[in-house]
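Observations on chain architecture
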2 protein chains.
Amino acid sequence: MYVLVTYDVETMTSNGQRRLRQVARQCLNYGQRVQNSVFECSVSPAQFTELRLKLSDIIDHKKDSIRFYFLGNNYSKRVEYIGVVTSYNVEDELII
Amino acid sequence: MYVLVTYDVETMTSNGQRRLRQVARQCLNYGQRVQNSVFECSVSPAQFTELRLKLSDIIDHKKDSIRFYFLGNNYSKRVEYIGVVTSYNVEDELII
């Protein structure tokens with residue numbers, strides 16, 4: 001199944017920036033980055049549960065936000081885009 | 001139908017920041033902001049076409065990226081979230 005992961009992680013502190021990198025790195029283990037804080041993941045239900053648990057352990061639940069959107073199996077019919085298509089390297093300098 | 005709008009707009013220049021505010025303002029006309037650059041819109045096909053045209057006119061197609069995800073009508077079953085749930089005021093100071 002396809003799951004879209006979008007997140008807002010507070011980046012005002014070094015802790016927040018560390019959490020941001022960890023969230024991105026975890027998402028990369030399960031899918032591809034399509035925008036700065038948007039990942040598209042093709043996962044089984046078990047893998048999704050695993051990813052969600054890991055992300056839940058990383059974030060500060062009072063400051064950060066992660067949303068999961070279930071796109072079903074018919075992914076290609078569910079997405080359109082305009083503008084540039086970029087892929088990000090999570091090891092790069094943090095773009096704030 | 002529910003459409004998720006996610007975007008990455010270059011904010012290194014004042015032009016980019018202006019485009020970012022305009023994109024956010026347009027999305028607010030059609031839906032609600034759920035994360036910094038993520039909007040959930042409940043629109044008719046005609047309204048979606050209108051929104052897409054307006055956003056296409058605003059962005060720099062070589063620098064900015066906008067993605068549309070079609071969540072169908074059964075929205076509530078398609079989304080989960082962890083962490084904080086925030087709503088943003090597009091008139092506020094730009095959070096970079």
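Residues numbered from 1 in each chain as written. Chains lettered and ligands numbered in written order. Predicted model: local features only at pLDDT ≥ 70, side-chain atom pairs only at ≥ 80, totals over all residues. Heavy atoms only, no water.

**Structural notes on the relation of the copies chain A and chain B**
The cut-off we apply is this: Least squares is the method for superposing the copies, and the C-alpha atoms it fits come from residues with pLDDT of at least 70 in both. Note on contacts: a residue pair is in contact if any heavy atoms of the two residues lie within 4.5 Å.
When chain A is fitted onto chain B, the two copies agree to an RMSD of 0.0 Å after a turn of 180° and an axial shift of 0.0 Å. Look at the turn and shift together and you get a two-fold axis relating the two. A symmetric contact is evident, with 100% of the interface residues of chain A recurring at the interface of chain B.

**Quick notes on the sheet that holds strand β2 (residues 31–35) of chain B**
The following threshold applies: For two strands to be treated as a pair, DSSP must find no fewer than two bridges joining them. Working definition: helices are DSSP H or I runs of at least four residues, strands are E runs of at least two. Numbering for both runs from the N terminus. Lines fitted to C-alpha atoms define the axes, with helix axes restricted to the stretch in contact, and inter-axis angles between N-to-C directions lie between 0 and 180 degrees.
The five strands lie next to each other as β5(A)-β4(B)-β1(B)-β3(B)-β2(B), forming an open sheet whose pairing is antiparallel. Single-partner strands in this sheet number two, and they are β5 (79–83) of chain A together with β2 of chain B. Ignoring which end each strand starts from, the neighbouring axes of this sheet average 20° apart. Two elements, strand β1 (residues 2–8) of chain B and strand β4 (residues 65–72) of chain B, share seven bridges in a ladder whose sense is antiparallel. Looking across to β4(B), one finds that Tyr2(B) is bridged to Gly72(B). Against the sheet, helix α2 (residues 45–58) of chain B touches β5 of chain A together with β1, β3 (38–42) and β4 of chain B, its axis set at about 25° to β5(A).

**Structural notes on the interface of chain A and chain B**
What counts, and what does not: Put simply, buried area is how much 1.4 Å-probe accessible surface two parts lose in total, over both of them, once they are put together. When a carboxyl oxygen of Asp or Glu lies within 4 Å of a side-chain nitrogen of Lys or Arg, that pair is called a salt bridge. Pairs of N or O atoms are called polar contacts if they sit within 3.5 Å, as long as, within protein, a hydrogen donor faces a hydrogen acceptor (for residues adjacent in sequence, only side-chain-to-side-chain pairs).
At the junction of the two partners, chain A supplies 39 residues and chain B supplies 39 residues. Taking both sides of the interface into account, the surface hidden between chain A and chain B amounts to around 3,500 Å²; carbon and sulfur atoms contribute 51%. Applying the counting rule to chain A against chain B returns four salt bridges. Note that Arg67(A) and Glu40(B) form a salt bridge whose closest N and O atoms lie 2.7 Å from each other. Between chain A and chain B we count 26 residue pairs in polar contact (both at pLDDT 80 or more) in total. The set of elements that each furnish at least two residues to the side of chain A that touches chain B consists of β1 (2–8), β2 (31–35), β3 (38–42), α2 (45–58), β4 (65–72) and β5 of chain A.

**Re the packing of aromatic side chains**
The condition that has to hold: Note on aromatic contacts: the rings of Phe and Tyr and the six-membered ring of Trp form a pair at centre separations within 6.5 Å, being stacked when their planes are under 30 degrees apart, edge-to-face when over 60 apart, and tilted otherwise. Remark: exposure states derive from per-residue accessible area (1.4 Å probe, protein chains only) relative to the maximum for the residue type, with buried under 20%, exposed over 50%, and partly exposed in between.
Considering all chains together, one arrives at six aromatic pairs over all chains under this definition. For the ring pair Tyr7(A) and Phe39(A), a centre distance of 6.1 Å and an interplane angle of 25° mean the geometry is stacked. Taken together, the positions of Tyr7(A) in strand β1 and Phe39(A) in strand β3 put the pair 32 residues apart, joining distant regions of the chain. Of the two residues, Tyr7(A) and Phe39(A), both sit in the buried class. Ring geometry for Phe48(B) and Phe70(B): centres 5.2 Å apart, planes at 80°, overall edge-to-face. Remark: Phe70(B) occurs in strand β4 and Phe48(B) occurs in helix α2; sequence separation between them is 22 residues.

**Overview of helix α1 (residues 14–30) of chain B**
Residues and elements named next belong to chain B. Under the convention used in this document: To estimate how far a helix should extend, the number of its residues minus one is multiplied by 1.5 Å. Read the arc as the range of directions from the helix axis to the C-beta atoms.
Helix length check: α1, at 17 residues, gives a terminal C-alpha distance of 25 Å against a target of 24 Å (1.5 Å per residue), a fit within 8%. Buried residues of α1: Gly16, Arg19, Leu20, Val23, Ala24, Gln26, Cys27 and Tyr30, and no others. The buried residues of α1 occupy an angular sector of 165° when the element is viewed end-on, so they sit on one face. With respect to the buried face of α1, the exposed residues turned more than 90 degrees away are Ser14 and Asn29.

**Comments concerning the pairing of β1(A)**
Residues and elements named next belong to chain A. β1 sits mainly inside the fold: six of its seven residues count as buried. Where β1 and β3 come together, five bridges link them in antiparallel fashion. Paired with Tyr2 across the bridge in β3 is Ser42.

**Focus: the UniProt feature "binding site: Mg(2+)" (unreviewed entry) in chain A**
Worth spelling out the cut-off: UniProt positions are given in the numbering used here, feature names are shortened, and annotations may be inferred rather than shown by experiment.
Residues annotated in UniProt with the feature "binding site: Mg(2+)" (unreviewed entry) correspond here to Asp8(A). On the secondary structure map, Asp8(A) appears in strand β1.

**Topic: the side chain of Glu10(A)**
Residue and element names in this part refer to chain A. For Glu10, the location among the structural elements is in the loop between β1 and α1 (14–28). In terms of polar contacts, Glu10 uses its side chain to reach the backbone amide nitrogen of Met12, at 2.9 Å. Those residues within four positions of Glu10 in sequence are excluded, and the remaining contacts are Gly16, Gln17, Arg19, Lys63 and Asp64.

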